[in-house]
Amino acid sequence: QVQLVESGGGLVQPGGSLTLSCATSGFTFSGTDMSWYRQAPGKERTLVAAITSVAGSRTYGNAVHGRFTMSRDISKATVYLQMNSLKPEDTAVYYCNYKSRDLVGRVIHDYWGQGTQVTVSS
């Protein structure tokens, strides 16, 4: 059974930092690409960051590039999102995502955690 459990959200002042964690289980973490998404009220869910299983290559959304860093700890089957220089527009629910794929790479199923609220406000 796949489980994704996010933690680390909260209230932070503009310019502050937070680190989100996503503990995973139920699949082979070391061979899987992982992603963080976010969704603000009334808006679509958008990609924040992604990390590949091979070489740990990272990509970031334009809005967070240079401020956020995604990492992973294979021994703990956990991914992290270090968020610096936070802005009010970063306020959203942040979700961890795992896509199970078939042998040719097509997505079979999207798995999501429950989300963790990040609020950036003075």
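Preceding this section is the structure that the text describes.
Residues numbered from 1 in each chain as written. Predicted model: local features only at pLDDT ≥ 70, side-chain atom pairs only at ≥ 80, totals over all residues. Heavy atoms only, no water.

Draft legend 1. Representation of unusual backbone geometry in the model. The backbone of alanine 77 sits at a positive phi, close to 50 degrees, despite the residue not being glycine. In the Ramachandran plot, serine 85 falls in the positive-phi region, its phi being about 50 degrees despite a non-glycine side chain. Tracing the backbone through its elements, the reader meets serine 85 in the loop between strand 8 (78–83) and strand 9 (92–101). Looking at serine 85, the relative accessible area reads 40%, which means it is partly exposed. (Helix = DSSP H or I, 4+ residues; strand = E, 2+ residues; numbered from the N terminus. Buried < 20%, exposed > 50% of the residue type's maximum accessible area, 1.4 Å probe, protein only.)

Draft legend 2. Here's a closer look at the sheet that holds strand 7 (residues 68–73). Strand order across the open sheet formed by four strands is 1-3-8-7, with antiparallel pairing between neighbours. What marks the edges here is a single partner per strand, and that holds for strand 1 (3–7) and strand 7. Direction aside, the axes of adjacent strands within the sheet are offset by 15 degrees on average. Direction of pairing for strand 7 relative to strand 8: antiparallel, over a ladder of six bridges. Within strand 8, the position partnered with arginine 72 by the bridge is valine 79. (Pairing = 2+ DSSP bridges. Axes fitted to C-alpha atoms, helices over the stretch in contact; angles between N-to-C directions.)

Draft legend 3. Fine view of the packing of aromatic side chains. Under the defined criterion, the tally for this structure stands at four aromatic pairs. With a centroid separation of 3.9 Å and an interplanar angle of 5 degrees, the aromatic rings of phenylalanine 27 and tyrosine 98 are classed as stacked. A residue pair is termed long-range when its members are at least 10 positions apart, and phenylalanine 27 in the loop between strand 3 (18–25) and strand 4 (34–39) and tyrosine 98 in strand 9 qualify at 71 residues. For the pair formed by phenylalanine 27 and tyrosine 98, the shared burial category is buried. Measuring from centroid to centroid gives 6.3 Å for tyrosine 95 and tryptophan 112, while their planes differ by 85 degrees, and the two rings are edge-to-face. On the criterion of sequence distance, the pair formed by tyrosine 95 in strand 9 and tryptophan 112 in strand 10 (residues 107–112) is long-range, its members being 17 residues apart. When its relative accessible area of 33% is taken as the criterion, tryptophan 112 is described as partly exposed. Following the ring pairs from residue to residue traces out a cluster consisting of Phe27, Tyr98 and Tyr111. Over the ring of tyrosine 95 we find arginine 45; its NZ or CZ atom is 3.7 Å from the centre of that ring. The ring of tryptophan 112 has arginine 45 lying over it, and the distance from NZ or CZ to the ring centre is 4.5 Å. (Phe/Tyr/Trp six-rings, centres within 6.5 Å; stacked < 30°, edge-to-face > 60°. Lys NZ or Arg CZ within 6 Å of the ring centre and 35° of its normal.)

Draft legend 4. Region of interest: the environment of serine 30. Relative to the helices and strands, serine 30 resides in the loop between strand 3 and strand 4. Along the sequence, serine 30 and arginine 106 sit 76 residues apart, while their C-alpha atoms lie 19 Å from each other. Apart from residues no more than four positions distant in its own chain, serine 30 is found in contact with Ser53, Arg72 and Ile74. (Contact = heavy atoms within 4.5 Å.)

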